[in-house]
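A look at the structure
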Amino acid sequence: MNIAIQLKRSLSAEVYKYKKTLTLWLLILAPAFVPVINFIILWQKGPQVIKPDMDAWATLINFSVDPANFLFPFFVMMVALLVNNIEYSSNTWKLIYAQPLSRFALYFAKMKVFISMIFISLMLFGTFTILVGLSMRYVQPGLGFEEAFSFGFEYSLMIKIFLATLGMASIQFFISQQSKNLILPLGIGIAGLISFMIVVQGWEYAPYHPYGYSILATGGIRQEGFQIWADLASVYKSLIVAVVMFTLAGVIQLKKRII
Amino acid sequence: MSKLIIQTTELDFYFKNFKALDKVNLNVPEGSIYGFLGPNGAGKTTTIRILLDLFHAEAGQVKLFGQDLSQNKVALLSKVGALIENPSIYKHLTGRQNLEVVRRMIGVPKSRINEVLKIVRLMDNADKKAKNYSLGMCQRLGLASALLGDPDLLILDEPTNGLDPSGIIEMRELIISLNKDHGKTIFLSSHILTEIEKMATDVAIIDQGKIMYEGKLDGLHSNTSKFLEIELSNVEKAIEIIKSLNYTVSEHSSKSITLPILEKADTAKINKALVDNNIDVYQLKSSEETLEAIFLNLTKKLDQ
């Protein structure tokens, strides 16, 4: 049986098992969280928050990206846990690895579902943010959301965050795959995030900290003339970490004793 | 000799420094119900995991259907259905949805799901969430997912574990029918002797990672042991004497001792030793041979 069929089968089974799970709701509700709060703020207090001389769309995006920068890594940690823990908690690693599919196909399917979940939720987040802006044209006219806005900018920003997040996502995926423990991956993730926030205050090597790539990638967003694709250092670093970690996790999974 | 469905040669396996399997050779003939017997921790599940490519043996070779497993994993495992130890079931899904997950992995038609549900008699509960299943239903669902691909070989690890007596009988009937009516070769592990005795055509006995016996079930009966029950005066002292003669005491009460023996001469030898040590022997009774006696004799687990 060729590898393409194996990949298709693994993927189809992998997607199906999330039916009626918390994971699916998390993918939809988590990206809606910040936009919903922004909606309420702008709807209730729009004129106080956005002064006439401010750019309404730029303000909304700042309002979205700032809390998201902090919350999104937690979301990534949870998704990494859920996609691996679904097997640990049901004792099903041995079920899937005893099927007539190569270990590579099975590993790749899980990795792909994980990455897709992160991507989809970011795209939803971008969409919800745009919807908040558009809805203000009717809910709170006059804030400045009537002005044209490049949706492409918002989605490009999401793609950049996505790429810059893959590094830490791969680390979380690796830890969650190797350990049945729920606390360990969260502990390492939180420690990673907090340690970045400390070192970024003034350590010259802080930009190499994998838990900070996505924050650094959007760092210049408040500055005049911010170009999404101008400074890609964090994105490249993130991609390198992701390639290394996903490969390492794959190699270990190929040789691992499946309990 | 008929075709071998499973053939392992000199399998070695370690958990860190602990040698879990020591030169395990198994030969499972086509069409057999092959009982794989051993006390807890003897290496049964480890062997099964190696047969399914979940563990990789440090030394030795596994052949399924005459082909090397490590080279042809995907092709060979498509002819194998397995139920390993505690059931692997997604609790948030229904029984039917659990089978759908497996069906998608092996690519058989949807109609197979109803067929296997009927075989394991789980139709009525197929749309209940698996978290509400009893242990017996979980085992049957596990068996259903093993049967989905219509495999030629079924590998069942302790399939009657945790079942109540009627569940055990049902599972046994199912296994025998899968073998007789559907022509499947069945590799079955258990630590329950009477279970194996009722189903198996061939057996292997494993203890501390070593194969102690392999062959026909009948062969095991003919060339080995009986039980000797001795009624006597000083049980504690007698046990010491018997152990010093390198026999295994399987049972003892305040008045008597029961142990497996191999031949008549053993009775005389034990009797003499007891009398020489001033123990009054009131009665010597040799009982019907049972698989239990054979098993204890081979594994010498109890009372040591």
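No experiment lies behind these values; they were computed from the predicted model shown. Once a new chain begins, its residue numbering starts again from 1 and follows that chain's sequence as written. Both sets of labels track the order of writing: A upward for chains, 1 upward for ligands. Per-residue local features are limited, in this predicted model, to residues with pLDDT of at least 70; the limit for side-chain atom pairs, both in listing and counting, is 80 or more; totals at the level of whole chains, interfaces and linings are taken over all residues.

Further remarks concern the overall build of chain B. Numbering of helices and strands runs from the N terminus; a helix is a DSSP stretch of H or I covering at least four residues, while a strand is a stretch of E covering at least two. Looking only at helices and strands, one finds 11 helices and 14 strands in chain B. Considered along the principal axes of its C-alpha atoms, chain B spans approximately 75 × 40 × 40 Å. Evaluated residue by residue, chain B yields a buried proportion of 45% over its 304 residues. Restricting the contact set of chain B to residue pairs at least 6 apart, pairs at least 24 apart contribute 70%. Exposure in this text rests on C-beta crowding, where 20 or more other C-beta atoms within 10 Å of a residue's own make it buried, 12 or fewer make it exposed, and counts in between make it partly exposed. The C-beta atoms are placed from the backbone. Throughout, a pair of residues is in contact if the C-beta atoms placed from their backbones lie within 7 Å.

Residue and element names in this part refer to chain A. Closest axis-to-axis distance for the helix α6 (residues 151–178)/helix α7 (residues 183–199) pair is 9 Å, and the angle between their directions is 155°. It follows that α6 is roughly antiparallel to α7 by the angle criterion. Relative to α7, α6 is oriented so that their crossing is right-handed. Contacts between α6 and α7 involve Met-168, Gln-172, Ile-175 and Ser-176 from the former and Leu-184, Pro-185, Ile-188, Gly-189 and Gly-192 from the latter. A breakdown of the residues in the contact of α6 with α7 according to their chemical character gives five nonpolar, four polar and no charged. Each axis is a line fitted through C-alpha atoms, taken for helices only over the stretch in contact, and angles between the N-to-C directions span 0 to 180 degrees. Between 65 and 115 degrees an angle is taken as roughly perpendicular, under 35 as roughly parallel, over 145 as roughly antiparallel, and anywhere else as oblique. By convention the crossing between two helices is left-handed if the near helix lies anticlockwise of the far one by an angle smaller than a right angle, and right-handed if it lies clockwise. For this classification, the nonpolar set comprises Ala, Val, Leu, Ile, Met, Phe, Trp, Tyr, Cys and Pro, the charged set comprises Asp, Glu, Lys and Arg, and every other residue, Gly included, is treated as polar.

This part takes up the domain arrangement of chain B. All names here are of chain B. Split by domain assignment, chain B resolves into domain 1 (4–220) and domain 2 (224–299). With centres defined by C-alpha atoms, the gap from domain 1 to domain 2 works out at 37 Å. Counting residues at the interface gives nine residues for domain 1, matched by seven residues for domain 2. Breaking the side of domain 1 that touches domain 2 down by element, the ones donating at least two residues are α7 (193–199), β9 (202–207) and β10 (210–216). Classifying every residue of the side of domain 1 that touches domain 2 by side-chain character gives seven nonpolar, no polar and two charged. The domain boundaries here were taken from an automatic or database domain assignment.

This part takes up the packing of helix α1 (residues 3–16) of chain A against helix α3 (residues 95–106) of chain B. At a minimum axis distance of 7 Å, the contact between α1(A) and α3(B) shows a crossing angle of 165°. As the angle between them shows, α1(A) and α3(B) are arranged roughly antiparallel. Crossing hand, α1(A) versus α3(B): right-handed. From α1(A), Arg9(A), Ser10(A), Ser12(A), Ala13(A) and Tyr16(A) reach across to α3(B), where they touch Glu100(B), Val101(B), Arg104(B) and Met105(B).

Before going further, it helps to examine the pairing of β9(B). All names here are of chain B. With five of its six residues buried, β9 lies for the most part within the structure. Strands pair, by our definition, only if DSSP identifies at least two bridges between them. Of the strand pairs in this sheet, strand β3 (residues 33–37) and β9 are connected by four bridges, and their pairing is parallel. Residue pairing in the sheet places Leu-37 in a bridge with Ile-205 of β9. Pairing geometry for β9 and β10, over six bridges, is antiparallel. Bridging from a neighbouring strand, Ala-204 pairs with Glu-214 of β10. Linking β9 back to β10 in an antiparallel pair, the connection comprises two residues, with Gln-208 at a positive phi of about 45°.

Take the interface of chain A and chain B next. Contacts between chain A and chain B engage 25 residues on the former and 24 residues on the latter. Ranked by residue count, the leading element in the side of chain A that touches chain B is α1(A), at six residues. For the side of chain A that touches chain B, the per-class residue count stands at 10 nonpolar, nine polar and six charged.

Our focus in this paragraph is the sheet that holds β9(B). Residue and element names in this part refer to chain B. Taken together, six strands build an open sheet; the order of strands is β6-β7-β8-β3-β9-β10 and the sheet is mixed. The open sheet is flanked by β6 (80–83) and β10, the only strands paired with a single partner. Each adjacent strand pair in this sheet contributes to an overall mean axis angle of 15°, direction not counted. Bridging between β3 and strand β8 (residues 185–190) involves five bridges; their strand directions are parallel. Bridge assignment links Ile-33 to a residue of β8, and that residue is Ile-186. Along the sheet face, helix α5 (residues 135–147) touches β6 and β7 (153–157) and points at about 165° away from the line of β6.

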